[in-house]
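Listed here are the chains, written in short residue letters.
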Amino acid sequence: MPKSTKSEKKVVSKQSTQKPVLKESKKESKKESKKESKKDSRDRNGDRDKDEDEDNEDDDTKTKSTKQVKRVEKVGSDKGLNQETTKVGLNFNVKVYKTWLKTYFVQHKREVKILNAHYIMAAMNEVLVFNLLSGSSEMIQKQKTGLLDLTLERFMMYLQRTDNLLSTFGRFHSRYEPGFDYSKQVPIDKKVFNKFVEKKCFHKNDTLNINNDTLNYIFFLVAQANINCTEIAYIFSKFAKKTTITADGVMASISVLFSGKMLVDILTKLEQIMRILKNKSKKDSDKENDKESDGDGEESEEEKEESEESEEESDEDD
């Protein structure tokens, strides 16, 4: 084999180095052509992309608006703003009281039906809370001590000085357990309760404050009132050989439990509600059941059957 000279080696090395340079230049040209084609396509489709962006923005605004509407409706339902409650002019959600009554009877294994009893229970609770807090707040404001914190000690003093309240709730005091949360035993929404106390009981007086222990004791008294009224109403229905807890039965039990000014105030409120319930037409009740979405329609049919049965029984008695 002949040996290669130095000049030949230099030529070979130059040729080997030039080849990859040519390949890189080709790659760069290809990249530049691709970039130019992409730019051209962007320019051509620019108007279309803008239209699609505008359509997407319109869709986003539509979804946001629908979400906002849903939030408003949900907040309204949580606050108890339903036709059953507003029709009788109450603040406490009457539908929650119907659920409470049903749950109570199921827990005690009693097969009964509810006919307007939940309206009476909700109204009784409103008048009870109003009398307890407005009366006790007036007492501490008259003392002029400078501190308007409604402590448990002051509230107990108010109960002891009020004869009709002492006779009603004095016997329940031994059952009270300070460490137990009684707010879970009453069908009252805390947000609705706080607004009711602020506007109705304290008349927007910012200087008044309820101690947590006092608030828990008030929930205890309301729970005891609900349980006792329900038990007495059940006894009345049992002796009358009825399977329905009616509004009249709960009103009768309230007359047994309460006395004095408290009883007068409760019965005055209940008479207003009973007039509204009696004036309700069948068309109104049907519309109300259609708008409510918690299965009240089936219950209303049962209530109608119970009312028909009661009418038949009364005819037989006559």
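Residues numbered from 1 in each chain as written. Predicted model: local features only at pLDDT ≥ 70, side-chain atom pairs only at ≥ 80, totals over all residues. Heavy atoms only, no water.

Given 3.6 residues to a turn, an α-helix orients residues that are three or four positions apart in the same direction. For helix 4 (residues 94-107), which comprises 14 residues, the first-to-last C-alpha distance of 20 Å matches the rise-based estimate of 20 Å (1.5 Å per residue) to within 8%. Among the residues making up helix 4, those that are buried are Val94, Lys95, Tyr97, Lys98, Trp100, Leu101, Tyr104 and Phe105. Phi for lysine 109, located one or two positions after helix 4, is positive at around 55°. (Helix = DSSP H or I, 4+ residues; strand = E, 2+ residues; numbered from the N terminus. Expected span 1.5 Å × (residues − 1). Buried < 20%, exposed > 50% of the residue type's maximum accessible area, 1.4 Å probe, protein only.)

Moving on: the pattern of salt bridges. For the structure on display, the rule yields three salt bridges. Among the ionic pairs, lysine 261 bridges to aspartate 265, the shortest N-O distance being 2.6 Å. Taken together, the positions of lysine 261 and aspartate 265, both in helix 11 (residues 260-279) and four residues apart, correspond to about one turn of that helix. Overall, lysine 261 belongs to the exposed group, its relative accessible area being 52%. (Salt bridge = Lys/Arg side-chain N within 4 Å of Asp/Glu carboxyl O.)

This next bit is on helix 11. With 20 residues, helix 11 should cover 28 Å at 1.5 Å per step; its first-to-last C-alpha distance of 29 Å lies within 8% of that length. Within helix 11, the full set of buried residues consists of Met262, Leu263, Ile266, Leu270, Ile273, Met274 and Leu277. Mapping the buried residues of helix 11 onto a view down its axis gives an arc of 110°, with all of them on the same face. The outward face of helix 11, more than 90 degrees from its buried face, is lined by the exposed residues Lys261, Arg275 and Asn279. (Arc of directions from axis to C-beta.)

For the rest of this paragraph, the subject is the packing of helix 6 (residues 152-161) against helix 9 (residues 212-239). Viewed as axis vectors pointing N to C, helix 6 and helix 9 meet at an angle of 40°, and their least axial separation amounts to 8 Å. In terms of axis orientation, helix 6 runs oblique to helix 9. Of the residues in helix 9, those touching helix 6 at Leu152, Phe155, Met156 and Leu159 are Asp213, Thr214, Tyr217, Ile218 and Leu221. Residues of the contact of helix 6 with helix 9, tallied by class, amount to seven nonpolar, one polar and one charged. (Axes fitted to C-alpha atoms, helices over the stretch in contact; angles between N-to-C directions. Parallel < 35°, antiparallel > 145°, perpendicular 65-115°, else oblique. Contact = heavy atoms within 4.5 Å. Nonpolar A, V, L, I, M, F, W, Y, C, P; charged D, E, K, R; others polar.)

A separate point is a nonpolar patch on the surface. A contiguous nonpolar patch, built from Ile235, Phe236, Phe239 and Val256 and spanning about 420 Å² of accessible area, is present on the exposed surface. A total of three residues in the nonpolar patch trace back to one element, the largest contributor, which is helix 9. Note that valine 256 resides in helix 10 (residues 247-257). (Patch = residues over 30% accessible without salt bridge, like charges linked within 9 Å, V, L, I, M, F, W, Y side chains within 5 Å. Areas by Shrake-Rupley, 256 points an atom, 1.4 Å probe, with all protein chains shown as cover.)

Next up on the list: the confidence of the model for the chain. When pLDDT is averaged across the chain, the result is 75; 61% of the residues are at 70 or more. This model gives residues 295-303 a pLDDT under 50, and the stretch forms twelve contacts once residues within four places in sequence are excluded. (pLDDT = per-residue confidence, 0-100.)

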